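These are the residues of each chain, in order.
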Amino acid sequence: MFLNRPTMREQNENLIIEYIANHKPSSRMEISDKIGLNKASVSEIVKNLLNRHFIEEIGSGESTVQGGRRPIMLQLNKKAGCVLSIDLGYNYIDILGCYLNGESWERKLYPFRDISRSSIVSDLKTIITDFMKHAPETVYGLTGITVAIHGMVFENAIYFTPYYDLQDLPIAEALSEHFDVPVFLENEANLLALADHACTDTLHNIISVSVHSGVGAGIILDDQLYRGEKGLSGEIGHMVVVPKGLSCPCGNHGCLEQYCSEKVLLDHYRHRTGNAEAIIPDICHAYHNGEQSAVQLIHEMIQYMAIAMNNIAMLYNPETIFINSEVSRLIPSFTDKIQQQLSSFIADKVKVRQSILGEKAILFGGAALATMNFLNISRMRLEP
Ligand SMILES: [Zn+2]
């Protein structure tokens, strides 16, 4: 049996693309210095990448301290190809098209959709086909699609979805065959973590917490997404925070998700105020106005979040925990208040911050995943 191992040249090529994708603009000299490959090899590989249109030259940079000719700078050719990122929400489909540098060219939201097992594949085929009619001209065309799943995903298969019935549905295979490109299914919180990670080049250990209909986390350890044995890492919504507490669809009692998801917040607020039409911005507005039921519910939510963030900090020792939710976006002090409750000397070193790309984060994480796969690199910088 022959193993399809990358050759040394392919490995060096990947290193150079990854460097250029993360440091723009860069010169041949700088690449040679930083990745430790001699100048002749760098020049040869760069020439090849230029011929294949993966990168482009963008004029002259500053000359070195010794003077001499100003170097020609290089950057990723954003128009080498494009990727699609689709967020499959429990009642919506959100689609984003990006160039290979992460810059978006179009986004379209399909709200109030019935996400049904029998029609989702044909719906996605129609939506993608329509969306691609507006795609810009690129060298390689569509190079990959990521679909964010609000549920558990393992090895490109849907393992469990609490809010729609898509378990084991071969979405990736069906779309990949139809569009003839790689299709990646990934948990939405994992994509969130990839997006937050791609917005910084100084953080190497982060946790991104998604608080929407449920609560989940994406975990980046040493710059790599940590998925766990069966892809179920980061299911912090099912961390027990109340002994013998409320029952949860997972089969346990007292799970975090039963106390501090946006869904729970809405249910309680609607029940207490009798306002069945209330939405999250209404609660946040009421909180800012000091309305007692809103203040009390948000404080309770912060309290449970702080318990969970404390536990996460103890387990993973991250540099930063990013929170992504509509509540934290509309109440800017939300993350600070969680931070203030992390009082142990271990947890108080961890920074709790608002997720960098806000409500676009899942989509940009998906774009980064498809792009990194096409370029065969493990990290890329997104410009928010
Ligand atoms: Zn549970």
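As the structure is a prediction and not an experimental result, all values here were calculated from the model. Residue numbering note: each chain is counted from 1, following its sequence as written. Selection of residues for local features in this predicted model requires a pLDDT of at least 70, selection of side-chain atom pairs for listing and counting requires 80 or more, and totals for whole chains, interfaces and linings are taken over all residues. With hydrogens and water excluded, all non-hydrogen atoms of the structure serve as input to the side-chain values.

To continue, consider the coordination of the zinc ion. For Na, K and Ca the donor cut-off is 3.2 Å, while for other metals it is 2.8 Å, and in both cases only N, O and S atoms qualify; water is not among them, so sites may look incomplete. Protein-derived coordination of the zinc ion comes from His238 (ND1), Cys248 (SG), Cys250 (SG) and Cys255 (SG), at a distance range of 2.1 to 2.4 Å. Working rule for geometry: tetrahedral if four donors all subtend angles between 85 and 135 degrees; square planar for four, octahedral for six, if opposite donors exceed 155 degrees and the others stay between 65 and 115; irregular in every other situation. For the zinc ion, the four donor atoms in the first shell make angles of 102 to 123° at the metal, so the coordination geometry reads as tetrahedral. Within one chain, the residues donating to the zinc ion are spaced in sequence as H-x9-C-x1-C-x4-C. For the pair Cys248 and Cys255, one class covers both residues: buried. Here the term buried applies to any residue with accessible area under 20% of the maximum for its type, exposed to any over 50%, and partly exposed to those in between, with areas from a 1.4 Å probe on protein chains only.

It is worth spelling out the pairing of strand 10 (residues 183-187) at this point. The numbering of helices and of strands both runs from the N terminus, where a helix is a DSSP run of H or I of at least 4 residues and a strand a run of E of at least 2. Counting buried positions over the five residues of strand 10 gives five, a clear majority of the element. Covered by surrounding structure in strand 10 are Val183, Leu185 and Asn187 together with Phe184 and Glu186, the residues of both alternating faces. Only strands that DSSP links by at least two bridges are regarded as paired with each other. Where strand 7 (residues 142-149) meets strand 10, five bridges bridge the pair, whose relative direction is parallel. Paired with Thr146 across the bridge in strand 10 is Phe184.

Our next topic: the pattern of salt bridges. Any carboxyl oxygen of Asp or Glu within 4 Å of a side-chain nitrogen of Lys or Arg constitutes a salt bridge here. According to the stated counting rule, one finds twelve salt bridges in the structure shown. For Arg107, the salt bridge identified is with Glu359, shortest N-O distance 3.0 Å. Taken together, the residues Arg107 in strand 6 (residues 104-110) and Glu359 in the loop between strand 15 (351-354) and helix 13 (361-375) connect sequence positions 252 residues apart. A relative accessible area of 33% places Arg107 in the partly exposed class. Of the residues examined, Glu359 reaches a relative accessible area of 47% and is grouped as partly exposed. Connected through salt bridges with shared partners, the residues Asp94, Arg107 and Glu359 form a single ionic network.

Per the domain assignment, the segments making up the protein chain are domain 1 (8-76), domain 2 (80-193 + 362-375) and domain 3 (201-355). Domain start and end points were adopted from an automatic or database domain assignment. For domain 1 and domain 2, the distance between their C-alpha centres works out to 32 Å. Taken together, the contact pairs six residues of domain 1 with seven residues of domain 2. With both sides pooled, the region where domain 1 packs onto domain 2 buries about 580 Å², and carbon together with sulfur makes up 70% of that total. The largest share of the area that domain 1 buries against domain 2 comes from His53, Phe54 and Leu76, three residues that together contribute 64% of it. At the surface where domain 1 touches domain 2, the tally comes to zero salt bridges. Any N or O atom pair separated by 3.5 Å or less is treated as a polar contact, with the protein-specific requirement of one donor-capable and one acceptor-capable atom, and with residues adjacent in sequence counted only for side-chain atom pairs. Remark: the boundary between domain 1 and domain 2 carries one residue pair in polar contact (both at pLDDT 80 or more). Of the residues assigned to the side of domain 1 that touches domain 2, the class counts are three nonpolar, two polar and one charged. Note on contacts: a residue pair is in contact if any heavy atoms of the two residues lie within 4.5 Å. By convention, the term buried area covers the 1.4 Å-probe accessible surface removed from two parts as they join, with the contributions of both added. Gly is placed with the polar residues, together with every amino acid not listed as nonpolar (Ala, Val, Leu, Ile, Met, Phe, Trp, Tyr, Cys and Pro) or charged (Asp, Glu, Lys and Arg).

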